[in-house]
Amino acid sequence: MSLWLDIAVQTPAHSQVGGLLTYRSPFGVQAGQLVRVPLGKREVLGVVWAISDQAPAEISADSLREVTGVLDGLNPLDGAWRQLVQFSAQYYQRSLGEVALSALPPQLRELSNEQLARRLKKQNTDRAVCTSPGPSLSDEQNAVLTQMASGTGPFLLFGSTGSGKTEVYMQAVERMLATDPQAQALLMVPEINLTPQLEERVKARFGTDAVVSMHSGMTPAQRLKGWLAAHAGHARIVLGTRMAIFASMPHLKLIVVDEEHDPSYKQQEGARYSARDLAVYRGRLHNATVLLASATPSLESWHLSRPADADGLNAGRYVRLHMPSRIGTGLLPKVRRVDMNKQPRRTVLSAPLVAALQERVERGEQCMLLLNRRGYAPVLHCADCGWKSACKHCSAFRVFHKIDRTLRCHHCGLTERVPRACPDCGNADIAPIGRGTEQLEEHLGELLAHVKRPDGSPIRIARIDADSTRLKGALESQLASVHSGEVDILVGTQMIAKGHDFRRITLVAAVNPDTALFSSDFRAPERLFALLMQAAGRAGRDATQSATSEMWVQTFHPTHALFEALKKHDYPAFAASELAERTAADLPPLSHQALLRADARTQEAAQGLLNAARETLEAQLSADPDTADLVLQVNVYPAVPMSMQRVADVERAQMLLESPHRMALQKMLWHLHGVLHQVRSLPEHKGVIRWLVDVDPQTI
Ligand code: ADP
Ligand code: ZN
Ligand code: ZN
């Protein structure tokens, strides 16, 4: 007897087979089981998707190849997991095989059954947790947990920085573990650099064995070990970044998405999924509670959790929970705006800010300065002939890094020594324009050189950004020196604004936040507001110092609505005004978007493919009465160059699709997929290197 199996295997992106191949099996298998199958000359890992005892009609059964073997000792991947993968592939327009296989730890593909058996034997199969008691809860924390227990969610926890959101997650986990001896919880965080802190906290609370981590900074062996523990149900808590949304967790009962607004929940290559959105979908599949949390929720989640209007209608489908107060008597920092129009021209750090920094350091307090650009200066410039340090491969300038006197392109990586003189006219006097973190650190050192700490020792300034943390372990040791108080002033990019529980910082300053106010990306103000609120949340975390803590903003637009809302720590006011603008302009969350992107050697070729696809698509859909409506429901805009038009000598163009109806957009993308395959094979589009679709893009 034979069985016929549809098996998910790794197939090339956009492949039309959809990633399911049919095989014959001489032995019994179950759906979700991991198997080895021949593919071309290789043997590859596959996941059994569907089983039939009937030979497929369209293929001659004898031509089908046989499954080679089963991975012993592993339970099948459950139906909910398979449904999650299938939905993700469909929704984000990738092949099922690609999504399924990239959701599994890479080492699974390489291990023989003997090697796998050894790994499985080494496992800790104890499901027990040893919970140590947490603090007694605040009234707000109690209220939130009660609401969670009495509803099904999904929940959006809108809680100030330092309001004790993390403690709410822990309690929710604790209660779930206590009521169900098998239940598993998934805790998601935006970035690896935040994981160690939370990991320690979670392990201290629930015991080391109960918790596994999942993020891209782990070795393949560590990833496999964690995955196996979660899959077998031994790991009761999985803590991870966006990739963890695909962890196999058969007893999943709770999903928490911390800092749910963070853009890093969106994958930026392959299947461009949003782990936050998939969390909500997955919660439904498992009947698990979903808790999204932030001090500055994404406007999407905020909108989805809107209360009903006066007639009791039109409420969002998320339940909004609120924790406005900081724990203890902690107050949010006072926001101070410095009007840079009133400062001498070319001022980098205003006199009042410098004085405030000095005062804090002399009192033994710590300060943090944020600047959104690393390196020394964004451009080198020749005043004689106008030469600028453009990258020859990208539509961007190379950044001057003084430390090693290089010009580096932050897009393609091209790095060269700074020329002695202007390459165009020979002028020896080429100068940096604009400022990066490196220069800010240097400038601050000069301005505050005379300042002493309370014990009489000299002031210490440190910088944390992608350059200073390139070496493994560098970030950890730099963070440790801030926590231990060795550093007085920390200079850095947004890396330092996120999540860190620095106890002694009492002043945070944004040096030059204005550029985001006038960006072409409609989400830039939302990002800036979140960043500044988060940065403000770093100040005064120790309640004894919170009364005097401050957030400074240097700006040429001090009366801008964004800064007015920041001053009052009023996220709802900011969200209301942003949502009004989005509504007026038909932008998300009031509409849904997808981007089709093409890369080619020339801009013309890239745009050519997109426009041809658009014309073919609209012609085909209009001609068929069943689909003619779609053309009216979905706006497809003409192709335009991307804002970063050229990277590493590749020209990039994009085409926006927009619709008030998510389903209509999805249908349109489905048709577009077919059209692209037709159009792409035409000789006039030979020059196109690749195309890709980004559904719900985070940057336009
Ligand atoms: P958030 O995640 O909202 O920024 P945290 O959960 O990190 O806030 O809490 C801020 C601080 O308050 C932490 O140091 C935490 O240990 C402490 N904390 C939280 N809840 C309580 C509580 N109920 N009683 C005492 N301290 C608490
Ligand atoms: Zn010159
Ligand atoms: Zn470049």
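Residues numbered from 1 in each chain as written. Chains lettered and ligands numbered in written order. Predicted model: local features only at pLDDT ≥ 70, side-chain atom pairs only at ≥ 80, totals over all residues. Heavy atoms only, no water.

Describing the overall build of the chain
Line of reasoning, step 1. Along the chain, the regular secondary structure elements total 19 helices and 28 strands.
Line of reasoning, step 2. For 700 residues, the compact-globule estimate of 2.2 N^0.38 gives 27 Å, and the chain sits close to it at 27 Å.
Line of reasoning, step 3. C-alpha extents for the chain along the principal axes are approximately 85 × 65 × 60 Å.
Line of reasoning, step 4. Split into buried and exposed, the 700 residues of the chain put 53% on the buried side.
Line of reasoning, step 5. Within the chain, residue pairs in contact and separated by at least 24 positions form 76% of the contacts whose partners lie at least 6 positions apart.
Line of reasoning, step 6. With 77 positive and 73 negative side-chain charges, the chain shows a separation of 4 Å between the mean positions of the two kinds. (Helix = DSSP H or I, 4+ residues; strand = E, 2+ residues; numbered from the N terminus. Rg over C-alpha atoms; globule rule 2.2 N^0.38 Å. Buried < 20%, exposed > 50% of the residue type's maximum accessible area, 1.4 Å probe, protein only. Contact = heavy atoms within 4.5 Å. Lys, Arg positive; Asp, Glu negative; His and termini not counted. Charge placed at Lys NZ, Arg CZ, Asp CG, Glu CD.)

Structural notes on the packing of aromatic side chains
Line of reasoning, step 1. This model, assessed by the stated rule, comprises 11 aromatic pairs.
Line of reasoning, step 2. Between Tyr-91 and Tyr-92, the ring centres sit 4.8 Å apart and the planes meet at 80 degrees, which makes this aromatic pair edge-to-face. Of the two residues, Tyr-91 and Tyr-92, neither departs from the other in class, the shared state being buried.
Line of reasoning, step 3. Aromatic rings pair up to connect Phe-158, Trp-302, Phe-529, Tyr-571 and Phe-574 into one cluster.
Line of reasoning, step 4. Positioned above the aromatic ring of Trp-302 is the side chain of Arg-320, whose terminal nitrogen or guanidinium carbon lies 3.4 Å from the ring centre. (Phe/Tyr/Trp six-rings, centres within 6.5 Å; stacked < 30°, edge-to-face > 60°. Lys NZ or Arg CZ within 6 Å of the ring centre and 35° of its normal.)

Focus on a positive patch on the surface
Line of reasoning, step 1. Taken together, Arg-118, Lys-121, Lys-122 and Lys-225 make up a surface patch of like positive charges.
Line of reasoning, step 2. Along the polypeptide, Arg-118 turns up in helix α3 (residues 113-121).
Line of reasoning, step 3. Given a relative accessible area of 54%, Arg-118 falls into the exposed group. (Patch = residues over 30% accessible without salt bridge, like charges linked within 9 Å, V, L, I, M, F, W, Y side chains within 5 Å. Areas by Shrake-Rupley, 256 points an atom, 1.4 Å probe, with all protein chains shown as cover. Salt bridge = Lys/Arg side-chain N within 4 Å of Asp/Glu carboxyl O.)

Describing the domain arrangement of the chain
Line of reasoning, step 1. Under the domain assignment, the chain is made up of domain 1 (3-117), domain 2 (139-323), domain 3 (334-374 + 436-585), domain 4 (377-434) and domain 5 (592-695).
Line of reasoning, step 2. Here domain 1 meets domain 5 over a buried area of about 850 Å², counting both sides, of which 51% is carbon and sulfur.
Line of reasoning, step 3. Counting every contact that joins domain 1 to domain 5 gives 0 salt bridges.
Line of reasoning, step 4. Summed over the shared surface of domain 1 and domain 5, the result is 2 residue pairs in polar contact (both at pLDDT 80 or more).
Line of reasoning, step 5. Grouping the constituent residues of the side of domain 1 that touches domain 5 by class yields 2 nonpolar, 4 polar and no charged. (Domains from an automatic or database assignment. Buried area = accessible area lost by both parts, 1.4 Å probe. Polar contact = N/O pair within 3.5 Å; in protein donor to acceptor, adjacent residues only side chain to side chain. Nonpolar A, V, L, I, M, F, W, Y, C, P; charged D, E, K, R; others polar.)

Details of the pattern of salt bridges
Line of reasoning, step 1. Scanning the model with the defined rule gives 33 salt bridges in all.
Line of reasoning, step 2. Between Glu-167 and Arg-205 there is a salt bridge, with its nearest N and O atoms 2.8 Å apart. In this pair, Glu-167 is assigned in helix α5 (residues 165-179) and Arg-205 in helix α6 (residues 195-206), connecting sequence segments 38 residues apart. As far as the burial class goes, Glu-167 and Arg-205 line up, both buried.
Line of reasoning, step 3. The partner of Asp-467 in a salt bridge is Arg-470, with the nearest N and O atoms 2.7 Å apart.
Line of reasoning, step 4. A relative accessible area of 54% places Arg-470 in the exposed class.

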